[in-house]
Amino acid sequence: MELRHLRCFIAVAEELHFARAAARLHIEQSPLSRIIKELEYRLGVQLFERTTRRTRLTWAGEVLLEEARRIFAVVEQAQASVKSAAAGFRGRIRVALSDGIPQTRLAALLAQCREEEPEVEICLSEVAVSEQLKGLDDGLFDVGLAQYEEVGERLIAEPVWFDPVVVTVPSRHPLLTYKRIPLEEVVRYPLVLCDPKVCEGFWNQLQRILTTVDTQLTIADQVPTLDLMMALVAAGYGLGFSGQARITELNNPDVVARPLAGCPAPLTTYLIRPRREPAEQLARFIDRVNPPETRTLLGSTLTQQEIA
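On a predicted model such as this, the values are computed, not experimentally measured, just so you know.

This part takes up helix 5 (residues 103-116). Each turn of an α-helix holds 3.6 residues, which means side chains three or four residues apart point in the same direction. Under the 1.5 Å per step criterion, the end-to-end length of helix 5 is 20 Å for 14 residues, consistent within 8% with the ideal 20 Å. Among the residues making up helix 5, those that are buried are L106, L109 and C113. All buried residues of helix 5 fall inside an arc of 65° around its axis, so they share one side. Opposite the buried face of helix 5, by more than 90 degrees, sit the exposed residues Q103, R114 and E115.

This is the structure in structure tokens:
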């Protein structure tokens, strides 16, 4: 089995149409069909079920698609590592980002890394939470940042950054009479919320807040990005939620951010990593994200809360 077999297989598996897959690969349909038949022969399994009306993956095909994507991710990372070494770097830390990390904090972290260890390349990948967790488990990433803590037994999630929850309101809105807006008042209006498939961690934390109010929510839209949410809020489609740091970065004059009354729990960003002793370079990176003194203080605070 060669990489060209897998490349053709992925194209067909994603398109589920041989003609479209052939056009995507810039080859004729007949040789593509032969390549897939050859791959099935070598593996001794049927990868596709084809009828006159549709093409679909078999269970064996679904398994191969997942593995083939992982293989190409490893190949791409190997190529990137070689290029990194050729450029003079002496190390590489692969960081996965999910749920929209505040740019100011990320920029400050990267600047510190460049200042203290300029020979170590920091490679960033924006992915969904599920992809981040799988990538960390498979060794495709070294560490991740996300607003998600249910990571399973093989990974560790350490709280590192905290943001007050704010409500985003159009610049002319009756709720602006409040300096801190009660959640009961917010949910009387339509809401523009994040897409739970894109921002799973943020969505989970927001749900803990929204479920404290026994009211049927009116959801005007679910959007994949904060920029789109801000545009819809500014246009009057509804109210939104975010962390204070990200709203401050956007600075939209047509949207006002107000804190929620009652001081709900802040949005928490977690540093996620495999449950093993990190290598020296990675350990230093972790200490920059979450310094030992902050870790000690946070642990003491959590212990006191548990006792209380």
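Next comes the rest of the write-up.
Here the structure, examined in full by the defined rule, presents 21 salt bridges. The salt bridge involving R288 is made with E117; its shortest N-O contact spans 2.6 Å. Of the two residues, R288 sits in helix 11 (residues 280-289) while E117 sits in the loop between helix 5 and strand 4 (120-126), which places them 171 residues apart along the sequence. Given a relative accessible area of 8%, E117 falls into the buried group. One salt-bridge network, held together by shared partners, links E14, E15, R20, R24 and R69.

Taken in spatial order, the three strands make up an open sheet running 10-7-11, and their pairing is antiparallel. The two strands at the open ends of the sheet, each matched to only one other strand, are strand 10 (240-243) and strand 11 (255-259). Between one strand axis and the next, the sheet turns through 40° on average, direction left out of account. Sheet analysis places strand 7 (residues 165-170) next to strand 10, joined by four bridges and oriented antiparallel. From the neighbouring strand, V167 faces strand 10, where its bridge partner is F241.

Turning our attention to the confidence of the model for the protein chain. Caution applies to low-pLDDT regions: their predicted coordinates should not be interpreted in detail. When the pLDDT values of the protein chain are averaged, the result is 87; 93% of them are 70 or greater. Within the model, pLDDT remains below 50 along residues 300-308, and this stretch shows zero contacts once partners closer than five positions in the same chain are excluded.

A separate point is the layout of surface pockets. As a volume, the largest pocket reaches approximately 650 Å³. Lining of the largest pocket is provided by 33 residues; of these, D99, G100, I101, L226 and R246 occupy positions nearest its centre. Mapped onto the lining of the largest pocket, the elements with two or more residues apiece are helix 5, strand 8 (191-194), helix 8 (200-210), helix 9 (226-234), strand 10 and helix 10 (244-250). Across the lining of the largest pocket, the residue classes break down as 20 nonpolar, seven polar and six charged. Residue-level mapping places the lining of the largest pocket at the junction of two domains, with at least three residues from each of domain 2 (90-160 + 269-306) and domain 3 (165-265). Put simply, the second largest pocket is a space of about 430 Å³. What lines the second largest pocket is a set of 18 residues, among which R69, A73, E131, L140 and F141 lie closest to the centre. Contributions of two or more residues to the lining of the second largest pocket are made by helix 4 (59-86), strand 3 (91-97), strand 4 and helix 6 (129-138). Among the elements that make up the lining of the second largest pocket, the one with the highest residue count is helix 4 (six residues). Residues of the lining of the second largest pocket, tallied by class, amount to six nonpolar, three polar and nine charged.

Time to look at the nonpolar core. The biggest cluster of nonpolar side chains holds 23 residues, and the ones touching the most others in it are V167, L183, V186, F241 and L260. The set of elements that each furnish at least two residues to this core consists of strand 7, helix 7 (183-186), strand 8 and helix 8. The biggest single contributor to this core is helix 8, with five residues. Apart from the residues lying within four places of it in its own chain, the contact partners of V167 are I181, V186, L239, G240, F241, V256, A257, R258 and L260. Membership of the second largest hydrophobic core comes to 21 residues, among which are F9, A11, A21 and L47.

Aromatic rings in a pair are described by how distant their centres are and how their planes are angled relative to each other. Following the criterion strictly, the structure yields two aromatic pairs and no others. With a centroid separation of 5.5 Å and an interplanar angle of 50°, the aromatic rings of F9 and F48 are classed as tilted. Of this pair, F9 sits in helix 1 (residues 3-15) while F48 sits in strand 1 (residues 48-50), and the two are 39 residues apart along the sequence. Take F9 and F48: they sit in the same class, and that class is buried. Consider the rings of F18 and F48, whose centres lie 6.0 Å apart with planes at 70°: the pair is edge-to-face. Residue F18 is located in helix 2 (residues 18-25), and its partner F48 is located in strand 1; the two are separated by 30 residues in the primary sequence. Residue class for F18 comes out buried when judged on its relative accessible area of 4%. Aromatic rings pair up to connect F9, F18 and F48 into one cluster.

Scoring rules and cut-offs
Residues numbered from 1 in each chain as written. Predicted model: local features only at pLDDT ≥ 70, side-chain atom pairs only at ≥ 80, totals over all residues. Heavy atoms only, no water. Helix = DSSP H or I, 4+ residues; strand = E, 2+ residues; numbered from the N terminus. Expected span 1.5 Å × (residues − 1). Buried < 20%, exposed > 50% of the residue type's maximum accessible area, 1.4 Å probe, protein only. Arc of directions from axis to C-beta. Salt bridge = Lys/Arg side-chain N within 4 Å of Asp/Glu carboxyl O. Pairing = 2+ DSSP bridges. Axes fitted to C-alpha atoms, helices over the stretch in contact; angles between N-to-C directions. pLDDT = per-residue confidence, 0-100. Contact = heavy atoms within 4.5 Å. 1 Å grid on protein atoms, 1.4 Å probe; cavity = no way out; pocket = protein on both sides within 12 Å on 5 of 7 lines; lining within 4 Å. Points joined across faces, edges and corners; volume = space filled by probe spheres on them. Nonpolar A, V, L, I, M, F, W, Y, C, P; charged D, E, K, R; others polar. Domains from an automatic or database assignment. Core = buried A, V, L, I, M, F, W, Y, C linked by side-chain atoms within 4.5 Å. Phe/Tyr/Trp six-rings, centres within 6.5 Å; stacked < 30°, edge-to-face > 60°.

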